[in-house]
Amino acid sequence: MPGARLTREDRERIAAGLTDGLDYAEIARRLGRPTSTVSREVARNLRTGGYRAEQAHQSTLRRRGRLPAAPERPRDGDFEQRFASLMVETGLPRMAARVLLAIVTTDAGALTAAELVQRLHVSPASVSKSVAYLESLDIVRRERAEGRRERYVIDDDVWLRTWMTSAQAHAKWGAAAREGAALHGADSPAGMRLERMGRFFDSLSQDMSADYDPAVADDMLTVIAALVHAGGPCAPDALAGALGWPDARVAAALSLAAERPDFADPVTPKPLPDGRYLAVANEQRLASRSVSK
């Protein structure tokens, strides 16, 4: 059922669909699941060599504590230091960065306070303060472990939640900038500057929160490249044949191009009356610039 967790059979069907070249939307339709369920499942279990159903199922059981954790691989101290330093450069406190990285680099994606103290060679107070900070960012959560102990967990969907939180923040910046533009007057230097700022953050928020499948966006670019290579009008079924794809996959790519011409800029597939498509310059880009002759 759609609300239930994915089963081993579901994962085998996902793997089979990927092998057959189906996009996430079609696989999800056959499973009776949201497209986002399939895309997140593949993203969190994609390994070198592709998505493997049995490995994905075992990893999921291990994350839920139904299988013993696999032995931890040797840690690469140099990598962890470089990664933590990168996090610090982007504004994360150093101790919080070390705690976050320690949890991320475990197979289970979870550690207790005692394990963090032992792993990082720091005081319990330092761990507690850093975990509280990461909780405030909705990156880490607490869950009950054995006995009265708690462990700190990073969910599989945490980065998506963080992304959406950032998108909402950008939307607020855009709204505030537009309000400022109205207060200063649209014709004033400050008003025009704030209006440009508002449009930028509105666009950024819309791009970040858009409901589209990244795999379809990749397909869209491939379809446009095929149209450019054809050098003239081409029917969707001919594109599907040339690419070795199902017709539905090409149709989904063309549909996204129509909805988001900015993704394909400066080229866009233009539908013709006979059902064929032609690669042309994005009309929005041409309209925004004067073309010298």
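Just so we're clear, the structure is a prediction, and the values are computed from it rather than from any experiment.

(A) Representation of a nonpolar patch on the surface in the model. On the surface, a nonpolar cluster with roughly 240 Å² of combined accessible area is contributed by F79, F83 and L86. Within the secondary structure, F83 sits in helix 5 (residues 77-89).

(B) Just the packing of helix 1 (residues 8-19) against helix 3 (residues 35-45), in detail. One way to put it is that helix 1 packs onto helix 3 with a least axis distance of 11 Å and a crossing angle of 85°. Relative to helix 3, helix 1 is oriented roughly perpendicular. Contact residues: R11, I14 and L18 in helix 1; V38, E41 and V42 in helix 3. Residues that form the contact of helix 1 with helix 3 fall into these classes: four nonpolar, no polar and two charged.

(C) The side chain of E41, seen in detail. Examined against the element boundaries, E41 turns out to sit in helix 3. A polar contact of 2.9 Å, which involves the side chain of E41, links it to the side chain of R11. Within the local environment of E41, its side chain forms a polar contact with the side chain of Y51, the two groups lying 2.7 Å apart.

(D) Looking closely at the sheet that holds strand 5 (residues 150-153). The strand order across the open sheet formed by three strands is 3-5-4, and the pairing between neighbours is antiparallel. The outermost strands of the open sheet, each flanked by one partner alone, are strand 3 (110-112) and strand 4 (141-144). Within this sheet the neighbouring strands show an average axis-to-axis angle of 35°, counted without direction. As paired elements, strand 4 and strand 5 share four bridges and run antiparallel to each other. Its bridge partner lying in strand 5, R141 is registered against V153. Lying over the sheet, helix 7 (residues 113-120) contacts strand 3 and strand 5, oriented at roughly 90° with respect to strand 3.

(E) Structural view of the pattern of salt bridges. All chains considered together, the criterion is met by 13 salt bridges. R141 serves as the salt-bridge partner of E143, at 3.2 Å between the closest nitrogen and oxygen. Of the charged contacts in the structure, one is a salt bridge between E143 and R151, with a shortest N-O distance of 2.5 Å. Residue class for R151 comes out partly exposed when judged on its relative accessible area of 22%.

(F) Here's a closer look at the packing of helix 2 (residues 24-31) against helix 3. The geometry of helix 2 relative to helix 3 is characterised by a closest axis approach of 8 Å and an angle of 115° between their N-to-C directions. When the axes of helix 2 and helix 3 are compared, the pair comes out roughly perpendicular. Crossing geometry of helix 2 relative to helix 3 is assigned as right-handed. Within the contact between the two elements, helix 2 uses Y24, A25, I27, A28 and L31 and helix 3 uses T35, V38, S39 and V42. Looking at side-chain class alone, the contact of helix 2 with helix 3 contains seven nonpolar, two polar and no charged residues.

(G) Structural view of the pairing of strand 6 (residues 267-271). Sheet topology places strand 6 next to strand 7 (residues 277-281); five bridges connect them, and they run antiparallel. Across the sheet, the residue bridging to T268 is V280, located in strand 7. Linking two consecutive strands that pair antiparallel, namely strand 6 and strand 7, is a turn of five residues; a positive phi of about 95° is found at G275 within it.

(H) Highlighting the side chain of E143. Here E143 shows up in strand 4. Polar side-chain contacts of E143 include one of 2.5 Å to the side chain of R151. Not counting residues up to four positions away in its chain, the partners in contact with E143 are R149, E150, R151 and V153.

(I) How the structure looks around the packing of aromatic side chains. All chains considered together, the criterion is met by two aromatic pairs. When the ring of W173 is compared with that of F201, the centres are 5.0 Å apart and the planes differ by 45°; the resulting orientation is tilted. Here the residue W173 occupies a position in helix 9 (residues 158-184), and F201 occupies one in helix 10 (residues 189-209), the gap between them amounting to 28 residues. Residue class for W173 comes out partly exposed when judged on its relative accessible area of 49%. Counting every residue linked through ring pairs, the aromatic cluster contains W173, F200 and F201. Over the ring of W245 we find R249; its NZ or CZ atom is 3.9 Å from the centre of that ring.

About the thresholds
- Residues numbered from 1 in each chain as written.
- Predicted model: local features only at pLDDT ≥ 70, side-chain atom pairs only at ≥ 80, totals over all residues.
- Heavy atoms only, no water.
- Patch = residues over 30% accessible without salt bridge, like charges linked within 9 Å, V, L, I, M, F, W, Y side chains within 5 Å.
- Areas by Shrake-Rupley, 256 points an atom, 1.4 Å probe, with all protein chains shown as cover.
- Salt bridge = Lys/Arg side-chain N within 4 Å of Asp/Glu carboxyl O.
- Helix = DSSP H or I, 4+ residues; strand = E, 2+ residues; numbered from the N terminus.
- Axes fitted to C-alpha atoms, helices over the stretch in contact; angles between N-to-C directions.
- Parallel < 35°, antiparallel > 145°, perpendicular 65-115°, else oblique.
- Contact = heavy atoms within 4.5 Å.
- Nonpolar A, V, L, I, M, F, W, Y, C, P; charged D, E, K, R; others polar.
- Polar contact = N/O pair within 3.5 Å; in protein donor to acceptor, adjacent residues only side chain to side chain.
- Pairing = 2+ DSSP bridges.
- Buried < 20%, exposed > 50% of the residue type's maximum accessible area, 1.4 Å probe, protein only.
- Left-handed = near helix turned anticlockwise from the far one by under 90°.
- Phe/Tyr/Trp six-rings, centres within 6.5 Å; stacked < 30°, edge-to-face > 60°.
- Lys NZ or Arg CZ within 6 Å of the ring centre and 35° of its normal.

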